[in-house]
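A structural walkthrough
One letter stands for each residue in the lines below.
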Amino acid sequence: MLSLLSGALDVWQTPGMSTVRGARERARAEVTAAIKDEARRRLATEGAARLSLRAVARELGMVSSALYRYFPSRDELLTALIVDAYDAVGEAAEQAAARAEEGTEWTGRWVEAAAAVRAWALAHPHEYALIYGSPVPGYTAPGDTVPPAARVASVLIGIVREAHRAGAVTPPPLGDEAGPEAERLAGDLAELTGDLPPAVVAALVAAWAQLFGLISFELFGHFHRLVEDRERFFTHSLRALARSVGLPDGAAPV
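Treat the numbers as computed from the prediction; the structure is a model and nothing was measured.

Within the chain one finds 13 helices and two strands. Counting across all 254 residues of the chain, residues that qualify as buried make up 42%. Across the chain, the fraction of contacts at a sequence separation of at least 24, relative to all contacts at a separation of at least 6, is 71%. As displayed, the chain offers around 13700 Å² of accessible surface, 55% of which is attributable to carbon and sulfur atoms.

Shown next as structure tokens:
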């Protein structure tokens, strides 16, 4: 019973010190995980807009007042699920980029990281919909969600910044009408984009939107009876997006 987990205490020894680490702390982590797991199941069956703390508590055999000690409101539970989802997809992109072998061409690294995002989305469609789908009515994401949300972007931007430092980026053309907005974007995103030229920053924002447009079209059925070899189509499209931000197709310098 989940209600029993939060009451026990435990004492354990570590070399050189005696540490009291009650079962209460571990039980809280287990109950929190169980609540989030049940909430994710309900996302799949009912959607985020209908997520209810009472329903989650009932399914877990808890009284509502006990669940409120873990998540005081539906919005706090949603925020926890959103942060977890952003962290999971961000970690997938980071691991894919880290696996890229030295000497892999810049666009290949870009595609590998983006492919990991697509793979995560296909494996976790309801969590993807939570963070990249329609906004949840009545919910406003707090600032806690911003750093996790930036993890995928940081990976892709990092590849471009590395190529730029190596002199391998060719800034795309930028019309006069887009210049002021590109300059503003470069200033606002300087913490992420560093010294990338405004034209590259603007192209990165466009590529970012198109990346998730491609994934969303596939995930939400808009490619049905249209695109058959979706993995090949995705790879082709991502290489085109990489070129649009100034990455070359040639091998990266070693």
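Turning next to the packing of aromatic side chains. Inspection of every chain in the model, using the stated rule, returns eight aromatic pairs. A ring pair is formed by tyrosine 132 and phenylalanine 212, whose centres lie 4.1 Å apart and whose planes are at 25 degrees; its orientation type is stacked. Of the two residues, tyrosine 132 sits in helix α7 (residues 125-132) while phenylalanine 212 sits in helix α12 (residues 198-219), which places them 80 residues apart along the sequence. Connected via pairs of aromatic rings, a cluster forms that spans Tyr86, Tyr128, Tyr132, Trp208, Phe212 and Phe220. Positioned over the ring face of phenylalanine 234 is arginine 118, at 5.5 Å from the centre of the ring.

Along the chain, the position of valine 89 falls in helix α5 (residues 74-99). Sequence separation of valine 89 and tyrosine 128 is 39 residues, and the distance between their C-alpha atoms is 8.7 Å. Aside from chain neighbours lying at most four places away, what touches valine 89 is Val117, Trp120, Ile131, Tyr132 and Val152.

Now for the nonpolar core. Within the largest apolar cluster, 70 residues are counted, with the highest numbers of intra-cluster contacts made by Ile35, Met62, Trp110, Val160, Leu238 and Leu247. Here this core gets eleven residues from one element, more than from any other, and that element is α5. Aside from chain neighbours lying at most four places away, what touches leucine 238 is Trp110, Val111, Ala114, Leu211 and Leu214.

When the UniProt feature table is mapped onto this chain, "DNA-binding region" (unreviewed entry) is found at residues 52-71. As a span, residues 52-71 carries 60% helix and 0% strand, and end to end its C-alpha atoms are 11 Å apart.

Between the first and last C-alpha of helix α13 (residues 230-244) there are 21 Å, a value that for 15 residues agrees with the 21 Å anticipated at 1.5 Å per step. Burial in α13 covers these residues: Phe234, Ser237, Leu238, Leu241 and Ala242. Taken around the axis of α13, the buried residues stretch over an arc of 145 degrees, which confines them to a single face. Away from its buried face, by an angle of more than 90 degrees, α13 presents the exposed residues Arg232 and His236. Among the structural elements, α6 (106-123) and α12 are those in contact with the buried residues of α13.

Position of aspartate 87 relative to the elements: it lies in helix α5. By relative accessible area, aspartate 87 is classed as partly exposed at 26%. On a C-alpha basis, the gap between aspartate 87 and arginine 151 in space is 7.3 Å, while along the polypeptide they are 64 residues apart. Contact partners of aspartate 87, with chain neighbours within four places excluded, come to Pro148 and Arg151.

Looking now at the pattern of salt bridges. This model, assessed by the stated rule, comprises 16 salt bridges. A salt bridge links aspartate 37 to arginine 40; its shortest N-O distance comes to 3.0 Å. Note that aspartate 37 and arginine 40 are positioned in helix α2 (residues 23-46) at a spacing of three residues, about one turn of the helix. Given a relative accessible area of 39%, aspartate 37 falls into the partly exposed group. The salt bridge involving glutamate 181 is made with arginine 184; its shortest N-O contact spans 2.5 Å.

Viewed as axis vectors pointing N to C, α6 and α13 meet at an angle of 130 degrees, and their least axial separation amounts to 9 Å. Relative to α13, the element α6 is oriented oblique. Classified by chirality, the crossing of α13 by α6 is right-handed. Residues Thr107, Gly108, Trp110, Val111, Ala114, Ala115 and Arg118 of α6 form the contact with α13, whose participating residues are Arg230, Glu231, Phe234, Thr235, Leu238, Arg239, Leu241 and Ala242. Its residues placed into classes, the contact of α6 with α13 shows eight nonpolar, three polar and four charged.

Thresholds applied
- Residues numbered from 1 in each chain as written.
- Predicted model: local features only at pLDDT ≥ 70, side-chain atom pairs only at ≥ 80, totals over all residues.
- Heavy atoms only, no water.
- Helix = DSSP H or I, 4+ residues; strand = E, 2+ residues; numbered from the N terminus.
- Buried < 20%, exposed > 50% of the residue type's maximum accessible area, 1.4 Å probe, protein only.
- Contact = heavy atoms within 4.5 Å.
- Areas by Shrake-Rupley, 256 points an atom, 1.4 Å probe, with all protein chains shown as cover.
- Phe/Tyr/Trp six-rings, centres within 6.5 Å; stacked < 30°, edge-to-face > 60°.
- Lys NZ or Arg CZ within 6 Å of the ring centre and 35° of its normal.
- Core = buried A, V, L, I, M, F, W, Y, C linked by side-chain atoms within 4.5 Å.
- UniProt positions renumbered as here; feature names shortened; annotations may be inferred.
- Expected span 1.5 Å × (residues − 1).
- Arc of directions from axis to C-beta.
- Salt bridge = Lys/Arg side-chain N within 4 Å of Asp/Glu carboxyl O.
- Axes fitted to C-alpha atoms, helices over the stretch in contact; angles between N-to-C directions.
- Parallel < 35°, antiparallel > 145°, perpendicular 65-115°, else oblique.
- Left-handed = near helix turned anticlockwise from the far one by under 90°.
- Nonpolar A, V, L, I, M, F, W, Y, C, P; charged D, E, K, R; others polar.

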